[in-house]
Amino acid sequence: MRKKIVAGNWKMNKDYNDGLALFSEVINMVKDEVVGDLKVVVCAPFIHLNSLVGLGKGYDKVSVGAQNAHQEEAGAYTGEISTSMLKSINVEYVILGHSERRQYFGENNALLAKKTDAALENGLKPIFCIGETFSERESGEYFNVVKSQLAEATFHLSADGFSKLVIAYEPVWAIGTGVTASSAQAQEIHAFIRKEIAAKYGQEVADNTSILYGGSCNPKNAEELFSQADIDGGLIGGASLKSRDFVDIAKAFNSK
Ligand SMILES: O=C(CO)COP(=O)(O)O
């Protein structure tokens, strides 16, 4: 059965010491308060990763992820970090295709297909983000947008490759805005995503794929969102910067 995952995306926040302190708080709270078979992933800026992996050793509910990686193995790409570098410090996850990377850094589906390949070749688990803008939702285009983001960047994979992905549905209009998709809106598109995966890879792969919701998720709305049949957890931005809020979101699964 698919994993339940609550992942935090710190984005470009927290200096080194504050990041370590936040992660230590998260580990302690998860250890004491989170029950059941849940994975809590913290996706931090590159400078934190090696230390976080060290701090997280021995806590199997907590994993560390990066927020981006380059598609090439090595070479003259000033300022970039490769998936093999991440693997060399035992980072487990990498966020790919976040809408901020698409919007501010021009990442498109073709490039993201290459990044996904590189991540899988080096044994990282991509948290692959898809989601429509406000105008795409308003015009009713959102099913097609999400379908092509998924198909163009990931449907070249074998079933074995695809089954290593975590999918995150993040409607751009809900990110950092305080406007959350209603649980019915989120469930509708999550079910659609699972149906598309089933059409491509079969029902078993679809049933085993974790599909996370992201966009203004907080301790108040998490329980209702996570109670939907096709929502397997969350990708949390702002609320992941406060240990209490982040772990309270993870605890929304305690009663399930
Ligand atoms: O972009 C997000 C996580 O990747 C969501 O951000 P917020 O939770 O701040 O809306």
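Residues numbered from 1 in each chain as written. Predicted model: local features only at pLDDT ≥ 70, side-chain atom pairs only at ≥ 80, totals over all residues.

Trainee: So what about the UniProt feature "binding site: substrate" (unreviewed entry) in the protein chain? Which residues, and what values?
Mentor: Those residues carrying the UniProt feature "binding site: substrate" (unreviewed entry) are N9, W10, K11, G176, S216, G237 and G238 in this numbering. The annotated residues occupy 230 residues of the chain but converge on a single region, no pair of C-alpha atoms lying more than 14.0 Å apart. Within the secondary structure layout, W10 lies in the loop between strand 1 (4-9) and helix 1 (16-33). Classification of W10 as buried rests on a count of 21 C-beta atoms within 10 Å. If we skip the residues at most four places from it in the chain, W10 touches C43, A44, P45, S240 and L241. Mapping G176 onto the fold places it in the loop between strand 6 (166-169) and helix 9 (183-201). (UniProt positions renumbered as here; feature names shortened; annotations may be inferred. Helix = DSSP H or I, 4+ residues; strand = E, 2+ residues; numbered from the N terminus. Buried ≥ 20, exposed ≤ 12 C-beta atoms within 10 Å, placed from the backbone. Contact = placed C-beta atoms within 7 Å.)

Trainee: Help me get a handle on the packing of helix 1 against helix 12 (residues 243-251), residues and values and all.
Mentor: Where helix 1 contacts helix 12, the axes come no closer than 9 Å and their chain directions differ by 35 degrees. Regarding helix 1 and helix 12, the two cross each other, and that crossing is right-handed. Contacts between helix 1 and helix 12 involve L22, E25, V26, M29, V30 and E33 on the former and, on the latter, S243, F246, V247, A250 and K251. Among the residues forming the contact of helix 1 with helix 12, the class breakdown is 7 nonpolar, 1 polar and 3 charged. (Axes fitted to C-alpha atoms, helices over the stretch in contact; angles between N-to-C directions. Left-handed = near helix turned anticlockwise from the far one by under 90°. Nonpolar A, V, L, I, M, F, W, Y, C, P; charged D, E, K, R; others polar.)

Trainee: Outline the UniProt feature "active site" (unreviewed entry) in the protein chain, supporting the account with residue identities and numerical values.
Mentor: UniProt records the feature "active site" (unreviewed entry) for H98 and E170 in the present numbering. For the residues just named, distributed over 73 residues, the greatest C-alpha separation is only 8.3 Å, placing them together at one site. Relative to the helices and strands, H98 is located in the loop between strand 4 (93-96) and helix 4 (99-105). Assessed through the 28 C-beta atoms surrounding it within 10 Å, H98 is described here as buried. Position of E170 relative to the elements: it lies in the loop between strand 6 and helix 9. Assessed through the 26 C-beta atoms surrounding it within 10 Å, E170 is described here as buried.

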